[in-house]
Amino acid sequence: VAPYTTDYILEVWGASGGGNHQYSDSNQAGVAGRGGYSTGTVRLNQGDKIYIYVGGQGSYKTSYAGTVAGGYNGGGYAWKTTNDHWTVYSGGGATDVRLVSGNWNNSSSLLSRIIVAGGGGGGSMQSGAGGYGGGLTGGVGNTNGTTVAGGGQTTSGLPAGASFGKGADSTTANGATSNWGSSGAGGGWYGGGVYSWGSAGGGSGYVWT
């Protein structure tokens with residue numbers, strides 16, 4: 001609740017995707033996409049309410065088949081098909097400020113966001129890093145030279161599966177057609193995309209003007 005009528009500086013940091021945080025080399029297997037950062041100024045009157053949604057970090061699954069949930073606030077889930085040594089990583093959630101409360105995926109609440117920092121995409125099962133969170137545009141996921149797009153200001157990351165506020169989940173319907181599975185994308189203003197067994201794109205950020 002705003003204590004005074006004045007201009008307020010807002011700063012938000014998105015959550016990182018699941019993966020290895022000890023390496024900066026983009027060719028290192030399982031490198032997590034880092035969360036994005038956004039800042040802006042908003043005029044609030046005394047008594048105005050804003051609602052802060054903090055993104056959750058992505059997680060991972062190894063050894064056994066199944067899914068692993070994405071980070072809170074739009075992180076895409078990872079999907080693993082076989083009981084083998086490959087590890088898949090889910091996407092990080094966005095962090096945002098809203099004027100309307102509700103569940104994180106409530107459409108009215110999502111449309112009321114005034115500032116967003118995108119979540120990072122999950123790291124690759126083999127080599128390549130997840131895309132970073134935006135910013136205006138989420139970073140691309142990169143695996144052995146194959147890239148998937150991050151979210152933008154008006155479109156979600158490709159191929160299909162991402163949406164407004166939500167990073168793509170790793171499912172066969174969204175292009176993850178390998179024998180092993182795939183990692184999940186970052187949430188954001190628009191979410192990042194996923195494809196096959198690679199890393200995933202980051203979600204975009206947003207600042208209302």
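Before reading on, note that the structure itself is shown above.
A brief report on the enclosed structure follows. Nothing here was measured: the structure is a model prediction, and the numbers come from that model.

Calculation rules
Residues numbered from 1 in each chain as written. Predicted model: local features only at pLDDT ≥ 70, side-chain atom pairs only at ≥ 80, totals over all residues. Heavy atoms only, no water. Phe/Tyr/Trp six-rings, centres within 6.5 Å; stacked < 30°, edge-to-face > 60°. Helix = DSSP H or I, 4+ residues; strand = E, 2+ residues; numbered from the N terminus. Buried < 20%, exposed > 50% of the residue type's maximum accessible area, 1.4 Å probe, protein only. Contact = heavy atoms within 4.5 Å. Polar contact = N/O pair within 3.5 Å; in protein donor to acceptor, adjacent residues only side chain to side chain. Pairing = 2+ DSSP bridges. Core = buried A, V, L, I, M, F, W, Y, C linked by side-chain atoms within 4.5 Å.

## Focus: the packing of aromatic side chains
Then step 1. Applying the stated rule across the entire model yields four aromatic pairs.
Then step 2. Judged by centre distance (5.1 Å) and plane angle (45 degrees), the rings of W13 and Y37 are tilted. Separated by 24 residues along the polypeptide, W13 in strand β1 (residues 6-13) and Y37 in strand β2 (residues 37-44) bring together distant segments of the chain.
Then step 3. W13 gets classed as exposed once you look at its relative accessible area, which sits at 53%.
Then step 4. Of the residues examined, Y37 reaches a relative accessible area of 37% and is grouped as partly exposed.
Then step 5. Seen in terms of ring centroids, F164 and Y190 are 5.2 Å apart; in terms of plane orientation they differ by 70 degrees. Their pairing is edge-to-face. Of this pair, F164 sits in the loop between β11 (146-148) and β12 (181-182) while Y190 sits in the loop between β12 and β13 (206-207), placing them 26 residues apart in sequence.
Then step 6. Linked through ring pairs, F164, W189, Y190 and Y206 together constitute an aromatic cluster.

## Quick word on the environment of R113
Then step 1. Relative to the helices and strands, R113 resides in strand β9 (residues 113-117).
Then step 2. The sequence separation of R113 and D96 amounts to 17 residues, and the corresponding C-alpha distance is 6.6 Å.
Then step 3. In contact with R113, other than residues within four places in its own chain, are D96, V97, R98, F164, G165, G188, W189 and Y206.
Then step 4. A polar atom in the side chain of R113 sits 2.9 Å from the backbone oxygen of L110.
Then step 5. Within the structure, R113 has its side chain in polar contact with the backbone oxygen of G188 (distance 3.0 Å).

## What about the pairing of β9?
Then step 1. Counting buried residues along β9, five of its five residues qualify, which places the element largely inside the surrounding structure.
Then step 2. Relative to β9, strand β8 (residues 95-98) runs antiparallel, the two sharing four bridges. Bridge pairing in β9 places D96 opposite V116.

## Observations regarding the nonpolar core
Then step 1. Counting residues in hydrophobic clusters, the biggest one holds 10 residues: A2, Y8, L10, V12, V42, L44, V97, I114, I115 and A117.
Then step 2. Mapped by element, the contributors of at least two residues to this core are β1, β2 and β9.
Then step 3. Those residues in contact with I114 that sit more than four places away from it in its chain are L10, V42, V97, L99, Y206, V207 and W208.

## Brief notes about the sheet that holds strand β3 (residues 51-53)
Then step 1. On the basis of which strands lie adjacent, the open sheet formed by four strands has the order β3-β8-β9-β13 and antiparallel pairing. In the strand order of this sheet, the two ends are held by β3 and β13, each with one partner.

## As for the environment of E11
Then step 1. Turning to its location among the elements, E11 is positioned in strand β1.
Then step 2. The class for E11 is partly exposed, based on a relative accessible area of 43%.
Then step 3. Along the sequence, E11 and I115 sit 104 residues apart, while their C-alpha atoms lie 8.3 Å from each other.
Then step 4. Dropping the residues within four chain positions of it, E11 is found in contact with Y37, S38 and T39.

## Examining the sheet that holds strand β5 (residues 66-68)
Then step 1. In space, the three strands of this open sheet follow the order β5-β6-β12, with antiparallel pairing throughout. Pairing within the sheet leaves two strands with one partner each, and these edge strands are β5 and β12.

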